[in-house]
Amino acid sequence: MGLMRIVVLAGGIGGARFLLGVRAYAERHGADVTAIVNVGDDVWMHGLRICPDLDSVMYTLGAGIDPDRGWGRADESWKVKEELASYQAEPTWFGLGDRDIATHLVRTNLLNAGYPLSAVTAALCERWQPGITLLPATDDRLETHVVLAEEAIHFQEWWVRHRAELPASNFVFVGAESAKPAAGVLEALAEADVILLAPSNPVVSIAPILAVPGIREALTAPVAGVSPIIGGAPVRGMADKCLSAVGVECSAQGVGRMYGGELLKSWLVDPVDRATEVEGVGVIPTPLYMTSPEATAEMVRVAVESLP
Ligand code: GDP
Ligand code: CA
């Protein structure tokens with residue numbers, strides 16, 4: 001066998017931390033890694049195109065992330081945000097740091113010049129050298145909206161402004177039906193030896209990737225998923241709110257069954273969730289806290305070795 005090819009479907013923070021482990025594993029075993037990243041959270045703010053999940057992954061792998069916040073740039077300042085607030089320029093609830101804004105300026109200029117997001121991402125990565133190939137799921141418009149009692153709002157408004165506290169009844173991936181996989185996505189999947197689902201939010205990070213027509217069908221290599229839920233709760237964030245909105249139990253078993261045997265060959269759960277059963281899927285208990293790239297690389301090894 002030549003170089004092993006690993007493709008990872010990923011969201012933001014959970015995806016980024018997982019990819020640190022995938023990269024460490026790949027360095028040790030000589031594998032090639034491509035991440036297909038959620039774009040459903042992407043949004044226009046103050047005339048700038050923001051791609052939160054792509055940036056979390058890019059900054060994390062490029063060692064530019066703020067490690068405490070888990071998003072945005074290290075050593076950040078907020079002067080532009082303060083000035084915008086003085087103008088009462090909406091939205092005031094979204095954190096745009098000064099360093100981060102440079103990324104959004106470069107991205108927006110390239111998009112306005114006509115480059116697709118995949119090419120723009122590659123250009124940004126020339127600076128950050130993430131060591132893996134980063135691809136947006138699609139170059140087309142795909143926006144996650146949250147259905148509330150009376151209206152639907154952009155996912156970012158629900159998540160950041162309202163802290164996921166407004167009761168949601170569903171999520172809609174606006175534009176998904178006519179979106180096409182971004183340049184390179186189908187090629188990477190066709191060449192993949194293994195496909196890994198990062199322990200990202202299943203409802204608003206992984207589902208919007210799978211909602212792009214053609215991507216699910218292209219998952220012909222065996223798939224191993226890693227649970228973002230340990231002991232009935234998300235390790236971090238508000239995935240429980242998203243799962244309850246779509247009627248899925250917040251547990252490793254609930255998420256494993258949501259993905260199901262059509263998608264998964266194996267499902268990694270933490271040892272506390274060892275009783276998990278998912279029909280047609282090999283459930284593998286192994287420690288799932290991503291406390292270091294090495295600990296996560298071990299998780300990746302278990303996932304890869306679980307696949308045929
Ligand atoms: P976001 O787009 O920034 O919200 O990030 P993702 O969707 O990629 O990941 C969020 C998920 O990562 C949450 O549901 C967390 O439960 C999960 N997560 C965070 N840290 C860990 C960890 O150490 N282990 C596991 N298994 N999941 C984690
Ligand atoms: Ca996200």
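Our structure is the block above this text.
Residues numbered from 1 in each chain as written. Chains lettered and ligands numbered in written order. Predicted model: local features only at pLDDT ≥ 70, side-chain atom pairs only at ≥ 80, totals over all residues. Heavy atoms only, no water.

Visitor: Mind laying out empty space enclosed by the protein, listing which residues take part and the relevant values?
Guide: Rolled over the atoms, a probe as big as a water molecule pinpoints where empty space is left. Under the counting rule described, the total for this entry stands at one cavity of 30 Å³ or more. By volume, the largest cavity is sized at about 70 Å³. Every residue lining the largest cavity is listed: His46, Lys81, Leu84, Ala85, Ala89, Pro91, Thr92, Phe94 and Leu96. When the residues that make up the lining of the largest cavity are grouped by side-chain class, the tally is six nonpolar, two polar and one charged. (1 Å grid on protein atoms, 1.4 Å probe; cavity = no way out; pocket = protein on both sides within 12 Å on 5 of 7 lines; lining within 4 Å. Points joined across faces, edges and corners; volume = space filled by probe spheres on them. Nonpolar A, V, L, I, M, F, W, Y, C, P; charged D, E, K, R; others polar.)

Visitor: So, the layout of surface pockets: which residues are in play, and what are the values?
Guide: In this structure, the largest pocket spans a volume of roughly 1,100 Å³. Around the largest pocket sit 45 residues that line it, and Gly12, Ile13, Gly14, Trp159 and Arg236 are the ones nearest its centre. Those elements that place two or more of their residues in the lining of the largest pocket are α1 (13-29), α2 (52-61), α4 (98-112), α6 (155-161) and α8 (202-210). By residue number, the principal contributor to the lining of the largest pocket is α2, which donates five residues. Here the residues of the lining of the largest pocket sort into 22 nonpolar, 15 polar and eight charged. Considering only enclosed or pocket space, the second largest pocket measures out at about 230 Å³ in volume. Class assignment for the residues of the lining of the second largest pocket results in eight nonpolar, one polar and six charged. (Helix = DSSP H or I, 4+ residues; strand = E, 2+ residues; numbered from the N terminus.)

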